[in-house]
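Descriptive analysis of the structure
Take a look at the letters that make up each chain.
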Amino acid sequence: MMNILVTGGIGYIGSHTVVELINKGHHVIIVDNLSNSNIKTLNIIENLTNKKVPFYQKDVTDKQALLNIFNNNKIDGVIHFAGLKAVGESVEKPLMYYQNNLMATITLTEVCSEYDVKKIVFSSSATVYGNQTSPMNETMKLLQTTNPYGETKAMSERIFQDIAKADPQFSIVLLRYFNPVGAHSSGLLGENPSGTPNNLVPYMTKVAKGKLDRLFIYGNDYDTVDGTGIRDYIHVVDLAKGHVAAIENLTKGLDIYNLGTGKGTSVLEMIDTFEKVNQIKIPYEIVERRPGDIATCYADVTKAEKELAWQAKLSVGEMLKDAWRYESNI
Ligand code: NAD
Ligand code: WQD
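Since the model is a prediction, treat every value here as computed from it, not as a measurement. (Residues numbered from 1 in each chain as written. Chains lettered and ligands numbered in written order. Predicted model: local features only at pLDDT ≥ 70, side-chain atom pairs only at ≥ 80, totals over all residues. Heavy atoms only, no water.)

1. Structural notes on the overall build of the protein chain
The helix and strand tally for the protein chain stands at 11 helices and 14 strands. Relative to the compact-globule value of 20 Å for 330 residues, the protein chain shows a C-alpha radius of gyration of 19 Å, a close match. In terms of principal-axis extent, the alpha carbons of the protein chain reach across some 55 × 45 × 40 Å. Expressed as a percentage of its 330 residues, the buried residues of the protein chain come to 55%. (Helix = DSSP H or I, 4+ residues; strand = E, 2+ residues; numbered from the N terminus. Rg over C-alpha atoms; globule rule 2.2 N^0.38 Å. Buried < 20%, exposed > 50% of the residue type's maximum accessible area, 1.4 Å probe, protein only.)

The following block contains the structure:
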C-alpha cells in the first residue's frame, strides 16, 4: 500500500486512475485547480470507492501550496496528470501552455526533491514521437512535435531525464499514452470537454446525442486502408490500470512505456463500430485534412506488457459503448 499524490486527479484520466488505485488498496490525495474539471467528480470518486479522498483545490505551479500539502500528508509517490491538453489552443496561446505545463513539472519535482519523494509517474503522450513509422517504439529518437502542447510533453520528458541522471535515488516513469477514450462502466465518470470537442470520440458521442449535427472526417486521402487516419485507441480504464502497474513496479532510474493496445483503427472503422454497438447512426462529411495530423499512429506495447505485466484488454466496441453510456447519462 502506498500514499500517492495525484495531480490533476479530478480530470478525465486522473479520476479513473484514482478509482483503480483505491481499488488496489492505495491511499490517494488529490491536488487539482479545477481549470478543466468539476468538483462533482470528487463525490463520484468517493461514491464509487466508498472512501473519503483528501482534496486540495490548488495550482501545481504554486510552490507554497505544494509545500503545505507535502507538509500535511505522508506521500510515498506522485502521479502527475495536471496539465493543459488542447492542441489547437496551445497553438493560439503557446505561453500559457509552456507556463502551466512546464512550471507544474518543475515546481512539483522541486518539492518532491525537498521532501525526499522520489517516485514519480508522468503523463506523456505519443505526440512526442512526431511523424514516424508505426508501431512507435520507446527507443525511437523523438522528432519535433507539431504544436506547443506536444513540445511541453517532450520538454517535460527531458527535464525528468536530467533529474533522474542527477539523482540516482529517483524512480521515474514516463507513460506515453496513445488515444485514451471510453468511460467508467458505471457511466458516471467520463470525458466531457467544455465547448465543441476537438477529439474524435467526444465529438462522435455529441453527434449521437443530437447536440452536433454531423461528424467531420478530417481527410480520406491518407495512405491507410480506407484513406482516413489510423490511431491506437485505448480504454481509459485499461490506461488507468497501466498507471497502477507503473507505480507498483517502479525501479531506480528512468523508464519509458507506451500505453496503447498495439492495434490501429481508422476513423471510418470507429464510426462503423459505434453504429453497430450502440445502434445509432453517425452522419458524417469528409472535409480537408486537419493541420498537424499524421496518417497513422499506433504503439509497440511489448515493453509495458513484459516489464509491467500489464496489457490493455478492452476492445474498441467496449470503448465506444462505454463512451456512449456516459454521454447519455450527462
Ligand atoms: P483533463 O484536462 O481532463 O485533466 C487534467 C486535470 O489537471 C484537470 O482536472 C485540470 O483541472 C488539472 N490541471 C491543469 N493544470 C493544472 C495546474 N496547473 N494545477 C492543478 N491542476 C491542473 O485531461 P486528461 O485527458 O485527464 O489528461 C491528463 C494528462 O494526460 C494531461 O497531462 C494530458 O496532457 C495527458 N495526456 C492526455 C491525453 C488525452 O488524449 N486525454 C493523451 C496523452 C496525454
Ligand atoms: C483522432 C483521429 C483525426 C476529430 C490528440 C492529440 C494527442 C493526444 C490525443 C494528448 C485523427 C480524426 C478527429 C474529428 C476526425 N492528446 N478526427 N474528426 O489527433 O490522434 O490525438 O489526442 O496528448 O496529442 O493530438 O486524436 O481524437 O483528435 O483524432 O476525423 O472531429 O480522428 O484526424 O485521424 P489525435 P483525435
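Having seen the structure, we can now continue with the description.
2. Some remarks on the environment of Gly 210
Note that Gly 210 resides in the loop between helix H7 (200-209) and strand S8 (215-218). Linking Gly 210 and Ile 282, residues 72 residues apart in sequence, is a C-alpha distance of 9.7 Å.

3. Remarks on the site of ligand 2
If you check the shell around ligand 2, you find 18 residues, and the closest are Tyr 149, Leu 200, Phe 216, Arg 231 and Asp 293. Contact distances for ligand 2 include 2.5 Å between an oxygen atom and a side-chain N or O atom of Tyr 149. Contacts to ligand 2 include Leu 200, whose backbone N or O atom sits 2.8 Å from an oxygen atom. Burial of ligand 2 by the protein chains amounts to 88% of its free accessible area of 680 Å². It is S8 that contributes the most residues to the shell around ligand 2, four residues altogether. (Near = heavy atom within 4 Å. Polar contact = N/O pair within 3.5 Å; in protein donor to acceptor, adjacent residues only side chain to side chain. Areas by Shrake-Rupley, 256 points an atom, 1.4 Å probe, with all protein chains shown as cover.)

4. So, the site of ligand 1
Not every one of the 26 residues close to ligand 1 is listed here, only the nearest: Ile 13, Asp 32, Asn 36, Ser 37 and Tyr 149. In the environment of ligand 1, an oxygen atom lies 3.0 Å from a nitrogen or oxygen atom belonging to the backbone of Ser 35. Asn 100 is positioned with one of its side-chain polar atoms (N or O) 2.9 Å from a nitrogen atom of ligand 1. When isolated, ligand 1 has an accessible area of 820 Å², and the protein chains bury 95% of it. Looking at the shell around ligand 1, the elements that each hand over two or more residues are helix H1 (12-23), strand S5 (119-125) and helix H6 (148-166). When residues in the shell around ligand 1 are grouped by element, the largest group, three residues, is from S5. The class makeup of the residues in the shell around ligand 1 is 10 nonpolar, 11 polar and five charged. (Nonpolar A, V, L, I, M, F, W, Y, C, P; charged D, E, K, R; others polar.)

5. Notes on helix H11 (residues 316-329)
The end-to-end C-alpha distance of H11 is 20 Å, a good match for the 20 Å that 14 residues give at a rise of 1.5 Å each. All of the buried residues along H11 are Val 316, Gly 317, Met 319, Leu 320, Asp 322, Ala 323, Trp 324, Tyr 326 and Glu 327. Where H11 is buried, its residues contact strand S7 (179-181), H7, strand S10 (233-235), strand S12 (265-266) and helix H9 (267-278). (Expected span 1.5 Å × (residues − 1). Contact = heavy atoms within 4.5 Å.)

6. What to know about the UniProt feature "domain: NAD(P)-binding" (unreviewed entry) in the protein chain
In this numbering, the UniProt entry assigns the feature "domain: NAD(P)-binding" (unreviewed entry) to residues 5-322. What you have in residues 5-322 is 40% helix and 17% strand, and the ends, taken at the C-alpha atoms, are 27 Å apart. (UniProt positions renumbered as here; feature names shortened; annotations may be inferred.)

7. Here we look at the packing of aromatic side chains
Under the definition given, this model contains four aromatic pairs. Summarising the aromatic geometry, the rings of Tyr 129 and Phe 178 are spaced 6.3 Å apart at their centres and angled 35 degrees between planes, so their arrangement reads as tilted. Separated by 49 residues along the polypeptide, Tyr 129 in the loop between S5 and H6 and Phe 178 in the loop between strand S6 (171-177) and S7 bring together distant segments of the chain. Aromatic side chains Phe 274 and Trp 324 sit 6.2 Å apart centroid to centroid with 75 degrees between the ring planes, which places their arrangement in the edge-to-face category. Taken together, the positions of Phe 274 in helix H9 and Trp 324 in helix H11 put the pair 50 residues apart, joining distant regions of the chain. Since its relative accessible area comes to 0%, Phe 274 is described here as buried. Over the ring of Phe 170 we find Lys 118; its NZ or CZ atom is 5.4 Å from the centre of that ring. When the ring centre of Tyr 222 is taken as reference, the NZ or CZ atom of Arg 289 above it lies at 4.0 Å. (Phe/Tyr/Trp six-rings, centres within 6.5 Å; stacked < 30°, edge-to-face > 60°. Lys NZ or Arg CZ within 6 Å of the ring centre and 35° of its normal.)

8. Quick word on the pattern of salt bridges
By the definition in use, this model includes 20 salt bridges. For Lys 63, the salt bridge is made with Glu 110, and the minimal N-O distance between the two is 3.5 Å. Taken together, the residues span a long stretch of sequence, with Lys 63 in helix H3 (residues 63-72) and Glu 110 in helix H5 (residues 94-114) at a distance of 47 residues. Shared partners join several salt bridges into a network, and the residues in it are Lys 63, Glu 110 and Glu 114. (Salt bridge = Lys/Arg side-chain N within 4 Å of Asp/Glu carboxyl O.)

9. What about the packing of H1 against helix H2 (residues 40-49)?
With their axes 10 Å apart at the nearest point, H1 and H2 run at an angle of 25 degrees to one another. With respect to each other, H1 and H2 are oriented roughly parallel. With respect to the hand of their crossing, H1 and H2 are arranged in right-handed fashion. Residues Ser 15, Val 18, Val 19, Ile 22 and Asn 23 of H1 pack against Thr 41, Ile 45, Leu 48 and Thr 49 of H2. Tallied by class, the residues present in the contact of H1 with H2 amount to five nonpolar, four polar and no charged. (Axes fitted to C-alpha atoms, helices over the stretch in contact; angles between N-to-C directions. Parallel < 35°, antiparallel > 145°, perpendicular 65-115°, else oblique. Left-handed = near helix turned anticlockwise from the far one by under 90°.)

10. As for the layout of surface pockets
Taken as a whole, the second largest pocket encloses approximately 180 Å³ of empty space. Lining the second largest pocket are 14 residues, and of these Thr 261, Lys 263, Ala 312, Leu 314 and Ser 315 sit closest to its centre. Broken down by class, the residue content of the lining of the second largest pocket amounts to six nonpolar, five polar and three charged. (1 Å grid on protein atoms, 1.4 Å probe; cavity = no way out; pocket = protein on both sides within 12 Å on 5 of 7 lines; lining within 4 Å. Points joined across faces, edges and corners; volume = space filled by probe spheres on them.)

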